[in-house]
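Given next are the chains, with one letter for each unit.
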Amino acid sequence: MSDVVTLSNRNGVAVVTLQNPPVNGLGFAVRTGLEAALRAATDDDTVQALVITGDGKMFSGGADIREFGQPPPDGTPPLPMLIDTIEASDKPVIAAIHGVALGGGCEVALGCHVRLATPDARVGLPEVTLGILPGAGGTQRMPRLVGIPAALDLIVNGKLVPAKKALALGIIDDIVEGDIVDAAVAHARRMVSENLPIRRASALDDKVVEARGTPEVFDDFRKTMARRARGFEAPFACVDCVEAAVNLPFAEGIVTERARFRELVASDQSKAQRHAFFAERQVTKIPDVPKSTPTLSLDTAAVIGCGTMGGGIAMNFANAGIPVTVFEVSQEALDKGLDVIRKNYAATVSKRRLSQNEMDQRLSLISTTVDYADLATVDVVVEAVFEDMALKKEVFGKLDTACKPGAILATNTSTLDVDEIAAATNRPDKVIGTHFFSPANVMKLMENVRGEQSSPETIATIMKLSKAIGKVGVLVGVCDGFVGNRMLYAYRRQSDFLLEEGALPAQIDKVIYDFGMPMGPYAMGDLAGLDVGWRIRQQQAATRPPHLRYSTVADHVCELGRFGQKTGAGWFRYEEGSRTPIPDPIVDELILKISQENGFTRREVGDQEILERCMYPLVNEGAKILEEGLAQRASDIDVIWMYGYGFPRFRGGPMFWADLVGVQTIYDTMSRLHDEHGDWLEPAPLLKRIAEQGKGFRDL
Ligand code: CAA
Ligand code: NAI
């Protein structure tokens, strides 16, 4: 038929097979091929029924996202039209689903008259995660099959459901063992020979009629998602479309769906979310560490230090089924650390997100020791002791002696030089940074810090480890703060300067929160604790360049014993047992006093200025990092910020957002700010260069 869609006739049953690896994406060529195959099967009088299936790993991963925004070649049929053709067929059409049927792939299946799936298949409409909605009938057919509550859950949350659940919900009609295409062909024959009726999802209406006249169902749902979906457009458009399925005839509901789809697909939000999708897949690609690089085994692990980070890291191993030995200075420290781990698991059990059995199983994978000799056979060690170079070197020296020669020794340091730590061993090629984010058992990001001598094998193994424990690993280079925190410093510095110049913490936090970050810098500081940073700043005081502006506001807050939520007060105050930040006149007065002492005439600081002063330096620092080769690509920085700091996905990460704003605009503003406020705001040479070339970070 075509290269990407084949047609065969199995004694009267036409088998239409999508053949477009890797995911059978429904791109232009596939749609053209599918149309031709459907026409041929319809016109062929010997064909009595059709089976649609996918070759390779899956039925179909949906529309080809890469083609969004591109004009289709003349004559390419739109997917909704093809699905209507399938559904309208007088000959029964069976979907034979294996692997996944997602997005447009799922919608093709919903257009078929019967859906059969293998036991391990999964189906779903994840479009919302790309900032769009199921635009090929999914918002109209799915509610008619599964009812409103389930449809809302599936479409608005973009959930993938396994075959068993899909069967229970009514998305699929049966689960079959053995060859799925054979089963579908047999089913098709039975439909023909027994003259079984054809069931079209668009014609069903009992489940939507049931919900008619109950707008509160939708209003309530919108309320429940308000916080989760804050700032996102697509989830709300999904609800509107499901509501349209309830209140409008199918043909009109489809018009609403189409209009909303077109709106969303052209939006910056969707561009950003599509960028995020591909950025996440790009991070695994390392030019000098090809996929063929051999990796070491990761059957057993050890974690050194069972404090805040070590405990969480140990949980990651146990969660992934990897036995882990936790090493501490004393039995007492071990008991304390294990107690926290136990409480963490117990909290998850009480929220019913883990069974008691699973908790016990995971805990059984965690063993403890105070003896280095017990680490002799582990494959990988993650060190998470205090942030102290001398201590880290001592620990690495001991690990080097105790662990087998092939073991990888990783450090969770957040600020120290990985190369210096590596030099304390005789295996610098097997030393690497694994910078987890707090809470380590929750946050998905790992900055994997390649040292000068980290070998390709070590890098490939640690990237594999990230995946194995359910993290997003991004490879970065050695520098102060690595990529994420180095950029964070640039932004935090300016926000403190703004306090001196006229803003207050609550105002800055509101601007940043409204931008889409989970919280502003001051609420975030209070959550993380202010004392650690204070201690680091005290250590750095002697080496701080005197000509560079330094804000003492944060130090003064700490001097009051206000270390954040843990002391009930920091930048904000907190009521007993509450995590809600409340602006505190004590801090506001303190800020006013510091402004005065440092000779600032306080002025009105506008919200736009706050956004620019905080976010543009962040982007500027990202540009420096790229220029220094410490991140592989701009989109890697975006992944770091989305996963490590909650940068809103609908903005695609700071570097993608910079392109949306316009690099020229950012460069011009940075130049002006540099003139007004001095050194810290000097535009990065790379920013200047791409602005002059009229390009964006996407072009690098
Ligand atoms: N379009 C274009 N490329 C896609 C794609 C898609 N829908 N889905 C995956 N790819 C690409 C990936 O970018 C990757 O490319 P590289 O190898 O160049 O990096 C390659 O296919 C393999 O993808 P994964 O690494 O993700 O493979 P996997 O086996 O781990 O997962 C998958 C497969 C579950 C299908 C996963 O890729 C996925 O979730 N894809 C997106 C599914 C989706 O969101 N579909 C909805 C599309 S929108 C739509 O359909 C609109 C509509 O209503 C008409
Ligand atoms: P922590 O103070 O909570 O825990 C450190 C643990 O190390 C303590 O339990 C201590 O008993 C143990 N320890 C000290 N010396 C040891 C030794 N010689 N052998 C074995 N154990 C020893 O510290 P935290 O916050 O867990 O930090 C650990 C590392 O993780 C540091 O390098 C830190 O910079 C880094 N990090 C911390 C983050 C955070 O948010 N807390 C985030 C990312 C990295």
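**Overview of the packing of helix H28 (residues 663-677) against helix H29 (residues 685-692)**
And then number 1: At their nearest, the axes of H28 and H29 sit 8 Å apart, and the two run at 130 degrees to each other. Put simply, H28 runs oblique to H29. Our pair here, H28 against H29, has a crossing hand that is left-handed. Of H29, the residues touching H28 (which contributes Val 663, Gln 664, Ile 666, Tyr 667 and Met 670) are Leu 687, Lys 688, Ile 690 and Ala 691.
And then number 2: Here the contact of H28 with H29 is built from residues that sort into seven nonpolar, one polar and one charged.

**Looking at the site of ligand 2**
And then number 1: With respect to spatial proximity, 22 residues lie near ligand 2, and among them Met 309, Glu 328, Glu 387, Lys 392 and Ser 414 are the closest.
And then number 2: Considering ligand 2 on its own, with 820 Å² of exposed area, one finds that the protein chains cover 78% of that surface.
And then number 3: Mapped onto the shell around ligand 2, the elements with two or more residues apiece are helix H13 (308-319), helix H16 (389-402) and strand E15 (431-436).
And then number 4: If one sorts the elements of the shell around ligand 2 by residue count, H16 sits on top with three residues.

**Some details on the sheet that holds strand E13 (residues 380-383)**
And then number 1: The strand order across the open sheet built from eight strands is E12-E11-E10-E13-E14-E15-E16-E17, with neighbouring strands paired in mixed fashion. With partners counted over all chains shown, the strands left at the sheet margins are strand E12 (366-369) and strand E17 (472-477), one partner each. Strand-to-strand twist across the sheet, computed as the mean angle between neighbouring axes with direction ignored, equals 25 degrees.
And then number 2: Strand direction decides the pairing type here: strand E11 (residues 324-327) and E12, joined by four bridges, are parallel. Paired with Val 324 across the bridge in E12 is Ile 366.
And then number 3: Packed onto the sheet, H16 meets strand E10 (301-304), E13, strand E14 (408-411) and E15 and runs at close to 165 degrees relative to E14.

**Digging into the sheet that holds strand E9 (residues 174-175)**
And then number 1: In space, the six strands of this open sheet follow the order E1-E2-E3-E4-E6-E9, with mixed pairing throughout. Where the open sheet ends on each side, the last strands, each with one partner, are strand E1 (5-10) and E9.
And then number 2: In this sheet, strand E2 (residues 13-18) lies alongside E1 in antiparallel orientation, the contact comprising six bridges. Counted as the bridge partner of Leu 7 is Val 16 from E2.

**So, the site of ligand 1**
And then number 1: Near ligand 1 you find 26 residues, and of these Ala 63, Gly 104, Glu 107, Arg 281 and Lys 285 are the closest.
And then number 2: Note that a nitrogen atom of ligand 1 is positioned 2.8 Å from one of the backbone N or O atoms of Ala 63.
And then number 3: Here an oxygen atom of ligand 1 and a backbone polar atom of Gly 104 are 2.7 Å apart.
And then number 4: Here ligand 1 has 990 Å² of accessible area as a free molecule, and 76% of this is covered by the chains.
And then number 5: Every element with two or more residues in the shell around ligand 1 is listed here: helix H3 (104-111) and helix H12 (268-282).
And then number 6: Sort the elements by how many residues they give to the shell around ligand 1 and H12 lands first, with three residues.
And then number 7: Here the residues of the shell around ligand 1 sort into 14 nonpolar, five polar and seven charged.

About the thresholds
Residues numbered from 1 in each chain as written. Chains lettered and ligands numbered in written order. Predicted model: local features only at pLDDT ≥ 70, side-chain atom pairs only at ≥ 80, totals over all residues. Heavy atoms only, no water. Axes fitted to C-alpha atoms, helices over the stretch in contact; angles between N-to-C directions. Helix = DSSP H or I, 4+ residues; strand = E, 2+ residues; numbered from the N terminus. Parallel < 35°, antiparallel > 145°, perpendicular 65-115°, else oblique. Left-handed = near helix turned anticlockwise from the far one by under 90°. Contact = heavy atoms within 4.5 Å. Nonpolar A, V, L, I, M, F, W, Y, C, P; charged D, E, K, R; others polar. Near = heavy atom within 4 Å. Areas by Shrake-Rupley, 256 points an atom, 1.4 Å probe, with all protein chains shown as cover. Pairing = 2+ DSSP bridges. Polar contact = N/O pair within 3.5 Å; in protein donor to acceptor, adjacent residues only side chain to side chain.

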